[in-house]
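Chain and residue survey
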Amino acid sequence: MLTERQLMILNQIIKHYIEYGEPMGSKTLLSETNLSVSPATIRNEMMRIEELGFLKKTHASSGRIPSILGYRHYVDYLLQQGLDSSSEEKMRKKIQQSIHSPYQEAQEMVEKSARMLSYLTNYTALSIGPEKINSKLTGFRLVPVTSGQYMAILVTDKGYIESKMFSLGRNFDSSKLEKIVTIFNDELTGLALSEVYKKLQTDIPALITKYVDYELDLFAIFKDIISKMDNDRVYVGGEMNLLNYFDFDQLQDREKVKSLYSLIHESSELRPLLLTDSNRISVRIGTEMNNELLDNLSLITATYSAGKRGTGMIALLGPTNMPYDEIIRIMRVTSDELSDSMQQFYEE
């Protein structure tokens, strides 16, 4: 457990690193605080905080920077204490002017919120509309088109329809397809698309192997169809901002950027990151996301309400040393204003 002085030192080091991106030594810390102790005492305290896992050194003779655990402690403290809202009025007016505009479709509002968040923060923003975040599968069909060609069709309760053509040998027993359709509808109808995707990887293969072997890769077909649905579902703003966090002289970083771009545009992989927490505002930092592509990034998500239409999601992806207090305020205000605007839209 950190003492009051150690907590103050940790918070000061984190604030310094967020603002300047540089390690902090004992002399710098003393010059920025009112602590009436010696540099040796500060060094001892910093060593103790490091031993507890809240700080780390970039190299032996450097000052300290926050660890993931340090950031976690700092963010939890901010959320528990509650953020000062006195400075939000100017920000709220700016966000209101951007979001509260005439819209023909709700998707326009969702897309605009991603662009606005990216502009306000210089980070990569993502947004999901309520009509798609809550979509459930209501039907699956395989329709013969021509000899040996079929169309797989998925329908959701929100009225979304996607399809994919595929081929089978002319001698394939069509009665097998009827049994497969029955299995799919019995097992998957009524489930959210995320659950459909999960069951396709776990339960369904064992059920259909008695009817098809390698001659028909239904999982690949389903994945393509769901991906098509999802590609319209997650709006991305400011994706070029991700380039700021990597060193392009390093081959490893160049490869990471390619993989990261694939991740944010592959909704079936991105979905679990965005939808794993039911809290109104959630902050996940670096290794907490269990994806090495995101080890040096943080993801802040917030839900918003669309009344009877359900809830949507906004998110920001940026560096671990982002100014969390400011970014959380922006997310909170955007969530409020998006909720108001979305509910007004559906009431009209």
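Residues numbered from 1 in each chain as written. Predicted model: local features only at pLDDT ≥ 70, side-chain atom pairs only at ≥ 80, totals over all residues. Heavy atoms only, no water.

Before going further, it helps to spend a moment on helix H3 (residues 39-51). Here H3 spans 18 Å end to end across 13 residues, near enough to the 18 Å set by a 1.5 Å rise per residue. Turning to H3, its buried residues are Ile-42, Glu-45, Met-46 and Ile-49. For H3, the arc enclosing every buried residue in end-on projection is 100°, short of the 170-degree limit, so these residues lie on one face. Its buried side turned inward, H3 meets helix H1 (4-20), helix H2 (26-32), strand E1 (55-57) and strand E2 (64-66). Gly-53 sits one or two residues past H3 and shows a positive phi near 95°. (Helix = DSSP H or I, 4+ residues; strand = E, 2+ residues; numbered from the N terminus. Expected span 1.5 Å × (residues − 1). Buried < 20%, exposed > 50% of the residue type's maximum accessible area, 1.4 Å probe, protein only. Arc of directions from axis to C-beta. Contact = heavy atoms within 4.5 Å.)

Inspection of the entire model under this criterion finds three aromatic pairs. Arranged with centres 5.9 Å apart and planes meeting at 55°, the rings of Tyr-71 and Tyr-324 form a pair that is tilted. Note that Tyr-71 is positioned in helix H4 (residues 68-81) and Tyr-324 in helix H14 (residues 324-347), a separation of 253 residues in sequence. You can call Tyr-324 buried: its relative accessible area is 0%. (Phe/Tyr/Trp six-rings, centres within 6.5 Å; stacked < 30°, edge-to-face > 60°.)

Here we come to the environment of Glu-347. For Glu-347, the location among the structural elements is in helix H14. In the structure, Glu-347 is positioned 40 residues away from Gly-307 in sequence and 9.2 Å away in space, judged by C-alpha atoms.

Take the packing of helix H5 (residues 89-99) against H14 next. Contact geometry of H5 with H14 gives a least axis separation of 10 Å together with a crossing angle of 40°. In terms of their interaxial angle, H5 and H14 are classed as oblique. Between H5 and H14 lies a crossing of right-handed hand. Contacts between H5 and H14 involve Met-91, Arg-92, Ile-95, Gln-96 and Ile-99 from the first element and Arg-329, Ile-330, Val-333, Thr-334, Asp-336, Glu-337, Leu-338 and Ser-341 from the second. (Axes fitted to C-alpha atoms, helices over the stretch in contact; angles between N-to-C directions. Parallel < 35°, antiparallel > 145°, perpendicular 65-115°, else oblique. Left-handed = near helix turned anticlockwise from the far one by under 90°.)

Mapped onto the fold, Lys-308 is located in the loop between strand E9 (297-305) and strand E10 (311-319). As for Lys-308 and Pro-130, which are separated by 178 residues in sequence, their C-alpha atoms are 9.7 Å apart.

We now examine the pattern of salt bridges. Oppositely charged side chains can pair when the atoms bearing their charge come close. Scanning the model with the defined rule gives twelve salt bridges in all. Measuring nitrogen to oxygen at the nearest pair gives 2.8 Å for the salt bridge that ties Arg-72 to Glu-288. One end of the pair, Arg-72, is in helix H4; the other, Glu-288, is in the loop between strand E8 (281-285) and E9, with 216 residues separating them in the sequence. You can call Arg-72 buried: its relative accessible area is 17%. Here Arg-92 and Asp-336 are joined by a salt bridge, their closest N and O atoms 3.6 Å apart. In this pair, Arg-92 is assigned in helix H5 and Asp-336 in helix H14, connecting sequence segments 244 residues apart. Salt bridges here are not isolated pairs; linked through shared partners, they connect Arg-92, Arg-280, Asp-336 and Glu-337. (Salt bridge = Lys/Arg side-chain N within 4 Å of Asp/Glu carboxyl O.)

Our next topic: helix H8 (residues 174-188). Between its first and last C-alpha atoms H8 spans 21 Å; for 15 residues at 1.5 Å apiece the expected length is 21 Å, and the two agree. Regarding H8, the residues found buried are Leu-177, Ile-180, Val-181, Ile-183, Phe-184 and Leu-188. Taken end-on, H8 shows its buried residues confined to a sector of 165°, consistent with a single buried face. Opposite the buried face of H8, at more than 90 degrees from it, the exposed residues are Glu-178 and Asp-186. One or two residues past the end of H8 sits Gly-190, with phi positive at roughly 95°.

What follows covers the environment of Thr-146. By the element assignment, Thr-146 lies in strand E4 (residues 137-146). Overall, the relative accessible area of 46% leaves Thr-146 in the partly exposed class. For Thr-146 and Ser-167, which are 21 residues apart along the polypeptide, the C-alpha to C-alpha distance reads 9.4 Å.

Right, let's talk about the pairing of E4 for a bit. In the sheet, E4 pairs with strand E5 (residues 149-156) via eight bridges, with the strands oriented antiparallel. Residue Phe-140 lies in a different strand from E5, and its bridge partner there is Leu-154. Hairpin geometry of E4 and E5 is characterised by an intervening segment of two residues between the two adjacent antiparallel strands and by a positive phi of about 85° at Gly-148. (Pairing = 2+ DSSP bridges.)

Another aspect to go through is the nonpolar core. If you look at the biggest cluster of nonpolar residues, it comprises 53 residues, and the most contacted ones within it are Leu-117, Ile-300, Tyr-324, Ile-327, Met-331 and Met-342. Among the elements that take part in this core, H14 stands out by supplying nine residues, more than any other. Mapped onto the domain boundaries, this core takes at least three residues apiece from domain 1 (4-80) and domain 2 (87-132 + 232-347). (Core = buried A, V, L, I, M, F, W, Y, C linked by side-chain atoms within 4.5 Å. Domains from an automatic or database assignment.)

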